[in-house]
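Tertiary structure, described
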Amino acid sequence: MTLDEYYHSFSELLREAKTVSHCSDRPEVGHMSSTDFCNRICELLAKFSDDDFSTFATKLKFSIHFNVIIQAQVAAVNLESKRRRSI
């Protein structure tokens, strides 16, 4: 997966998850818990080549915003980093 493909897939994920929060007991249609959202991001990150993953992780590290969406991405990057080190 290229960075452009990731951004396209991530945009589709955002459209699917109309809201993302740390509260997991919200029965709203289109709501996704931050854990579920993070897991979906992990699925996308696993498709990156090592170089593209490194580029993405570096860009995310310097993000000036910090909300639940960014938190989920950071968590997913950390999980994927650990997975790649263990292979």
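One structure accompanies this document, and this report is about it. If you're wondering where the values come from, they're calculated on a predicted model, not measured in any experiment.

1. Side note on the packing of helix H1 (residues 3-16) against helix H2 (residues 34-45)
The interhelical angle for the contact between H1 and H2, taken along N-to-C directions, is 160°, at an axis separation of 11 Å. Judged on the interaxial angle alone, H2 and H1 are roughly antiparallel. For the pair H1 and H2, the crossing hand works out as right-handed. Judged by residue contacts, Tyr6, Ser9, Phe10, Leu13, Leu14 and Glu16 of H1 engage Phe37, Arg40, Ile41, Leu44 and Leu45 from H2. Of the residues assigned to the contact of H1 with H2, the class counts are eight nonpolar, one polar and two charged.

2. Considering the pattern of salt bridges
For the structure shown, the criterion picks out four salt bridges. The shortest N-O distance in the salt bridge between Glu16 and Arg40 comes to 2.9 Å. Of this pair, Glu16 sits in helix H1 while Arg40 sits in helix H2, and the two are 24 residues apart along the sequence. For Glu16, a relative accessible area of 42% gives the class partly exposed. What makes Arg40 partly exposed here is its relative accessible area of 28%. For Arg83, the salt bridge is made with Glu80, and the minimal N-O distance between the two is 2.7 Å. In this pair, Arg83 and Glu80 are both assigned in helix H4 (residues 68-86), three residues apart and thus about one turn of the helix distant. On the basis of relative accessible area, Arg83 is assigned to the partly exposed category, the value being 36%. Sharing partners across several salt bridges, the network here consists of Asp50, Glu80, Arg83 and Arg84.

Conventions used here
Residues numbered from 1 in each chain as written. Predicted model: local features only at pLDDT ≥ 70, side-chain atom pairs only at ≥ 80, totals over all residues. Heavy atoms only, no water. Axes fitted to C-alpha atoms, helices over the stretch in contact; angles between N-to-C directions. Helix = DSSP H or I, 4+ residues; strand = E, 2+ residues; numbered from the N terminus. Parallel < 35°, antiparallel > 145°, perpendicular 65-115°, else oblique. Left-handed = near helix turned anticlockwise from the far one by under 90°. Contact = heavy atoms within 4.5 Å. Nonpolar A, V, L, I, M, F, W, Y, C, P; charged D, E, K, R; others polar. Salt bridge = Lys/Arg side-chain N within 4 Å of Asp/Glu carboxyl O. Buried < 20%, exposed > 50% of the residue type's maximum accessible area, 1.4 Å probe, protein only.

Interpretation in functional terms is not warranted from these geometric data alone.
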